[in-house]
Structures are given as C-alpha cells and as structure tokens.
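As a plain string of letters, each chain reads:
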Amino acid sequence: MLVLTRKKGERVMIGDDIVVTVIDVRGDGIRIGFDAPRGVSIQRAEVVSAVQEANTGAAASSAQTADLLVGLLNRARKAEVEQAEPAARTPAPQTPAAPRTPPGPAPKPTPPRPRG
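Summarised in this report is the structure supplied together with it. (Residues numbered from 1 in each chain as written. Predicted model: local features only at pLDDT ≥ 70, side-chain atom pairs only at ≥ 80, totals over all residues. Heavy atoms only, no water.)

1. Overview of the pairing of strand β3 (residues 29–35)
Part 1: Alignment of strand β2 (residues 18–26) against β3, held across seven bridges, turns out to be antiparallel. Across the sheet, residue R26 finds its bridge partner in β3, namely G29.
Part 2: From the end of β2 to the start of β3, which pair antiparallel, there are two residues, and G27 there has a positive phi angle of about 55°. (Pairing = 2+ DSSP bridges. Helix = DSSP H or I, 4+ residues; strand = E, 2+ residues; numbered from the N terminus.)

Below you can see the structure in the form of structure tokens.
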C-alpha cells in the first residue's frame, strides 16, 4: 500500500487515466474526487461488502426455497401415486349372478313355436 500526504487541491495519478484529487479536509475526514474513464468502476468498500453479503444471503434463501419446492412436488407426486395404487389393486367389479330360483319342482319347458 502506498501512503501519501496530500493537501487540499493536490492530486494523485493512478496509471494514465485515473486522477484522485483532495477536495476538502475536515477534522478527521477528507473529501476526495476521482476522475476516471466510464469503464472504471469506483465504489466505496463498505457498499461493495454490503452488496456481496446481501447477494450471498439471497442465494442461500433461493436455494432453501428451491429445496422446499422440490420437497412439496415430491410429496404431491407421492400422494398421486398412493391414490392411484388402491384403484389398481381393487379387483374389477363382477357382473351380478342371475337370480336363483327357489327350490321346488322344475318349471315345465315351453314348447317351441311353429314357424310359418
């Protein structure tokens, strides 16, 4: 790390494209300005850390949510299979047997009808 002492209005060059200027000195703080090409990102370190933590938390939350959804889908599929299985195990309904005639003398056969 390079440590420099600068006064108000003095500048520091970083490479050929970035200029850091001391704008103001107030007590234990200073105001600095940055001149850099548009493609160079300039962020405060605490903001970058906060965003990274938020992204990590959101990713963990998304993974937990995905796990919950997978569990719910698996339970729903299992319930569908369990509902379908009893129907598959139930024997097909049989046609009812013809009514039985009471015991006793057999009925007389009817003679065939003549054709004609």
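2. With respect to a nonpolar patch on the surface
Part 1: A surface patch of nonpolar side chains, amounting to about 500 Å² of accessible area, comprises V25, I30, I32, F34, V40 and I42.
Part 2: Here the element with the most residues in the nonpolar patch is β3; it accounts for three residues.
Part 3: Positionally, I30 belongs in strand β3.
Part 4: On the basis of relative accessibility, which here comes to 54%, the residue I30 falls in the exposed class. (Patch = residues over 30% accessible without salt bridge, like charges linked within 9 Å, V, L, I, M, F, W, Y side chains within 5 Å. Areas by Shrake-Rupley, 256 points an atom, 1.4 Å probe, with all protein chains shown as cover. Salt bridge = Lys/Arg side-chain N within 4 Å of Asp/Glu carboxyl O. Buried < 20%, exposed > 50% of the residue type's maximum accessible area, 1.4 Å probe, protein only.)

Just distances and angles here, no functional claims.
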